[in-house]
Amino acid sequence: MNALKKTLGLVWMLAGIALTVGLPYQTIRQLLLETATAEDYVFWLVIVVIFLPITIGLALFGRYAWQGEYDKNE
């Protein structure tokens, strides 16, 4: 079970890092379009403010799982 936790920890850590980098990239890409409106700016600002801390937390959770912090000490 501990091996599964470590493996999923690696998956969560990599997913968190990818999302932490990908979210601002996608936001900038969408806002640099010529058709971007004020609604787009508000929408992407809300998305980034809500989801960026979640993705950072996912990466931290994966790091702790990878390091074995959630293993039972018997």
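Residues numbered from 1 in each chain as written. Predicted model: local features only at pLDDT ≥ 70, side-chain atom pairs only at ≥ 80, totals over all residues. Heavy atoms only, no water.

Direction vectors running N to C along helix 1 (residues 2–31) and helix 2 (residues 38–67) enclose 160 degrees, while the axes themselves pass 7 Å from each other. The pairing of helix 1 with helix 2 is recorded here as roughly antiparallel in orientation. Where helix 1 crosses over helix 2, the two elements pack in a sense that is left-handed. In terms of residue class, the contact of helix 1 with helix 2 is built from 21 nonpolar, nine polar and four charged. (Axes fitted to C-alpha atoms, helices over the stretch in contact; angles between N-to-C directions. Helix = DSSP H or I, 4+ residues; strand = E, 2+ residues; numbered from the N terminus. Parallel < 35°, antiparallel > 145°, perpendicular 65-115°, else oblique. Left-handed = near helix turned anticlockwise from the far one by under 90°. Nonpolar A, V, L, I, M, F, W, Y, C, P; charged D, E, K, R; others polar.)

Our next topic: helix 1. The end-to-end C-alpha separation of helix 1 is 43 Å, in line with the 44 Å expected for 30 residues at 1.5 Å each. Every buried residue of helix 1 is listed here: Gly9, Met13, Gly16, Leu23, Thr27 and Leu31. Looking at the buried residues of helix 1, the elements they touch are helix 2. (Expected span 1.5 Å × (residues − 1). Buried < 20%, exposed > 50% of the residue type's maximum accessible area, 1.4 Å probe, protein only. Contact = heavy atoms within 4.5 Å.)

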